[in-house]
Amino acid sequence: MQSKALAPEYQGALTKLSVNSSLTDVLAEGIRHLKEAERSGSQQEVARCGLAVAEAHRRLGNVAEADRAWKASYRSARSADDLGAMAWALWSGGTLARQRGELRLAFRLLGLAADMGKRGGDIVARGYSLAGLAETGRIQGDYRTVAALHEQLLAEARARGEARHTVWALEGIAQIHRNTGSLDTALAMFEEAAELAGNADDQRGRAWALRGMADIISLRDDPEAALALLAEAETTCREMNLSSALAYNHKMRANVLFRAGRYEEAREGYTGALAEFRAMTEPRGEALARLGLVKSLARLGRDRQETATDLDELRRTLGRIGLLNAREMVDKAYAELGVAPVGGSTAEEGRRR
């Protein structure tokens, strides 16, 4: 039996906030209660309220503010000797590091968070931190390593009736299936996630599931149905001020248009998404939007040498970040667009060296 979705990152005086609360409201409430906690002298409450502030800033794309907030939350938790609060702060910092494309740091912080959660007896913090490790590996493209962890976390979430975590795990496994070619399985899991999120009133989770469904439906040559799903998801993203989710929604919309051969519309979509990702310092999204833009411009008649130069730069960027799956997408783009690396060697040769 799945429960209604909860937001365990909203703690202390902020537990009344819903998983669907607007992030601007979360930030305002978090700052208000943080000031009250600072006046009271309770370092434990400062840490708990500071966590909500950090998460609101992160999801709104305020990277510098989020970085300061999670570190301040950790310091307060440490001074209060609250291992659970320390775990949550490290989880927030690790999630921010992944968002910024700092995958090594993300693995380190999330690993520390999982250990701290275990030592402090906070099974939810530990679960979220393990989920963060799994998601970081999945985004990197290391499916073999993290697929089993995704399945384990899904089983644990189902057993505890945690709807929000169940939705997350379903979406993660669905994405792995999508990226490895099992489209029927992926679509079924995205559909289950969307239904479960809707029943649990997890609007954020449902928006991400709709995006996944739209992706696969678009691959099956039904662009109008895919665009309708993305429009529904966009409404939620705007209502909750989900900056990152909205940018990825716009990038996916451009993907759908590109696949439908509507290259000028796709170019406009990728350009807009690129600006959104740059504004929130999210290099993974920025690189993916750049790749889409390069492909759209190539289809619109751009010079082949300029296309190849951009693809070379993108491949280096993605390799530096450690996004293996996205780098393979660039490799495929050379052949798709009929261009060769400027250096003269193929991407495959580069991998063999």
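Nothing here was measured: the structure is a model prediction, and the numbers come from that model.

Visitor: Help me understand the overall build of the protein chain in this model?
Guide: The helix and strand tally for the protein chain stands at 17 helices and zero strands. Since a compact globule built from 353 residues should have a radius of gyration of about 20 Å, the 21 Å found for the protein chain is in line with a globular shape. Taken along the three principal axes of its C-alpha coordinates, the protein chain extends 65 × 40 × 35 Å. Within the protein chain, buried positions represent 56% of all 353 residues. At a minimum sequence separation of 6, the contacts of the protein chain that also span at least 24 residues come to 61%. Carbon and sulfur atoms provide 49% of the accessible area of the protein chain, an area that totals close to 15,300 Å². Considering the protein chain, the positive charge centre built from 50 side chains and the negative charge centre built from 49 side chains are found 5 Å apart.

Visitor: Looking at this model, I keep getting lost on helix α3 (residues 63–79). Mind explaining?
Guide: Since the α-helix advances by 3.6 residues per turn, residues separated by three or four positions end up pointing in the same direction. End to end, α3 covers 25 Å across 17 residues, agreeing with the expected 24 Å (1.5 Å per residue, within 8%). Taken together, the buried residues of α3 touch α2 (43–60), α4 (83–99) and α5 (103–120). Asp-81 lies just past α3 and shows a positive phi near 55°.

Visitor: What am I meant to see in unusual backbone geometry here?
Guide: The bulk of non-glycine residues show a negative phi, and the bulk of peptide bonds are trans. Residue Asp-201 is not a glycine yet carries a positive backbone phi of 60°. Assignment of secondary structure puts Asp-201 in the loop between α9 (183–199) and α10 (203–219). On the basis of relative accessibility, which here comes to 38%, the residue Asp-201 falls in the partly exposed class. For Asn-241, which is not glycine, the phi torsion reads 60° and is therefore positive. With respect to the helices and strands, Asn-241 occurs in the loop between α11 (223–240) and α12 (243–259). Its relative accessible area of 29% is what places Asn-241 among the partly exposed residues.

Visitor: What is the right way to look at the pattern of salt bridges in this model?
Guide: Opposite charge on two side chains lets them pair, provided their charged atoms get close. According to the stated counting rule, one finds 30 salt bridges in the structure shown. A salt bridge links Glu-9 to Arg-164; the nearest nitrogen and oxygen atoms lie 2.9 Å apart. Here Glu-9, found in the segment before α1 (23–40), pairs with Arg-164, found in helix α8 (residues 163–179); they are 155 residues apart in sequence, far enough to count as distant. Note that Glu-29 is salt-bridged to Lys-16, the shortest N-O span being 3.6 Å.

Visitor: Where do I start with α11 in this structure?
Guide: For α11, built from 18 residues, the straight-helix expectation of 26 Å at 1.5 Å per residue is met to within 8% by its first-to-last C-alpha distance of 26 Å. Regarding α11, the residues found buried are Ala-226, Leu-227, Leu-229, Leu-230, Ala-233, Glu-234, Thr-236, Cys-237 and Met-240. Structurally, α11 contributes buried residues whose contacts are with α1, α10 and α12. Positioned one or two residues after α11, Asn-241 has a phi angle of 60°, which is positive.

Visitor: What am I meant to see in the side chain of Glu-9 here?
Guide: A residue is classified by how much of its surface remains accessible, and Glu-9, at 0% relative accessible area, is buried. Of the polar contacts made by the side chain of Glu-9, one reaches the side chain of Arg-164; its length is 2.9 Å. Look past the residues within four positions of Glu-9 in its chain and what remains in contact with it is Leu-51, Ala-52, Glu-55, Arg-59, Trp-88, Trp-91, Arg-164 and Arg-204.

Visitor: Just to check I follow, could you spell out the packing of aromatic side chains for this structure?
Guide: For any pair of aromatic rings, the description consists of the separation of the ring centres together with the inter-plane angle of the planes. Enumeration over the complete set of coordinates arrives at six aromatic pairs. Their ring planes at 75° and their centres at 5.8 Å tell us that Trp-91 and Tyr-128 sit as a pair that is edge-to-face. In this pair, Trp-91 sits in helix α4 while Tyr-128 sits in helix α6 (residues 123–140), placing the two residues 37 residues apart along the sequence. Both residues of the pair, Trp-91 and Tyr-128, count as buried.

Visitor: Please clarify how the packing of α2 against α4 should be interpreted in this entry.
Guide: If you want to describe how two helices pack, look at the angle between their axes and the distance between the axes. It is at 10 Å that the axes of α2 and α4 come closest, and there the two elements cross at 10°. It follows from the interaxial angle that α2 and α4 lie roughly parallel. Counting all contacts with α2, which are made through Ala-47, Arg-48, Leu-51, Ala-54, Glu-55, Arg-58 and Arg-59, the residues of α4 involved are Gly-84, Ala-85, Trp-88, Ala-89, Trp-91, Ser-92, Thr-95, Leu-96 and Gln-99. Partitioning the contact of α2 with α4 into residue classes produces eight nonpolar, four polar and four charged.

Visitor: What exactly am I supposed to notice about the environment of Arg-68 here?
Guide: Within the secondary structure, Arg-68 is located in helix α3. On the accessibility criterion, Arg-68 (53% relative accessible area) is exposed. Taking the C-alpha atoms as reference, Arg-68 lies 9.5 Å from Gly-93; in sequence the two are 25 residues apart.

Visitor: I keep staring at the packing of α12 against helix α13 (residues 263–279) and nothing clicks. Help me out?
Guide: Two elements in contact, α12 and α13, have axes whose closest approach is 8 Å; the angle formed by their N-to-C orientations is 160°. The pairing of α12 with α13 is recorded here as roughly antiparallel in orientation. As for how α12 packs across α13, the hand of that crossing is left-handed. Contact residues: Leu-246, Ala-247, Tyr-248, His-250, Lys-251, Ala-254, Asn-255, Leu-257 and Phe-258 in α12; Tyr-263, Glu-265, Ala-266, Gly-269, Tyr-270, Ala-273, Glu-276 and Phe-277 in α13. Of the residues assigned to the contact of α12 with α13, the class counts are 11 nonpolar, three polar and three charged.

Thresholds, definitions, all that
Residues numbered from 1 in each chain as written. Predicted model: local features only at pLDDT ≥ 70, side-chain atom pairs only at ≥ 80, totals over all residues. Heavy atoms only, no water. Helix = DSSP H or I, 4+ residues; strand = E, 2+ residues; numbered from the N terminus. Rg over C-alpha atoms; globule rule 2.2 N^0.38 Å. Buried < 20%, exposed > 50% of the residue type's maximum accessible area, 1.4 Å probe, protein only. Contact = heavy atoms within 4.5 Å. Areas by Shrake-Rupley, 256 points an atom, 1.4 Å probe, with all protein chains shown as cover. Lys, Arg positive; Asp, Glu negative; His and termini not counted. Charge placed at Lys NZ, Arg CZ, Asp CG, Glu CD. Expected span 1.5 Å × (residues − 1). Salt bridge = Lys/Arg side-chain N within 4 Å of Asp/Glu carboxyl O. Polar contact = N/O pair within 3.5 Å; in protein donor to acceptor, adjacent residues only side chain to side chain. Phe/Tyr/Trp six-rings, centres within 6.5 Å; stacked < 30°, edge-to-face > 60°. Axes fitted to C-alpha atoms, helices over the stretch in contact; angles between N-to-C directions. Parallel < 35°, antiparallel > 145°, perpendicular 65-115°, else oblique. Nonpolar A, V, L, I, M, F, W, Y, C, P; charged D, E, K, R; others polar. Left-handed = near helix turned anticlockwise from the far one by under 90°.

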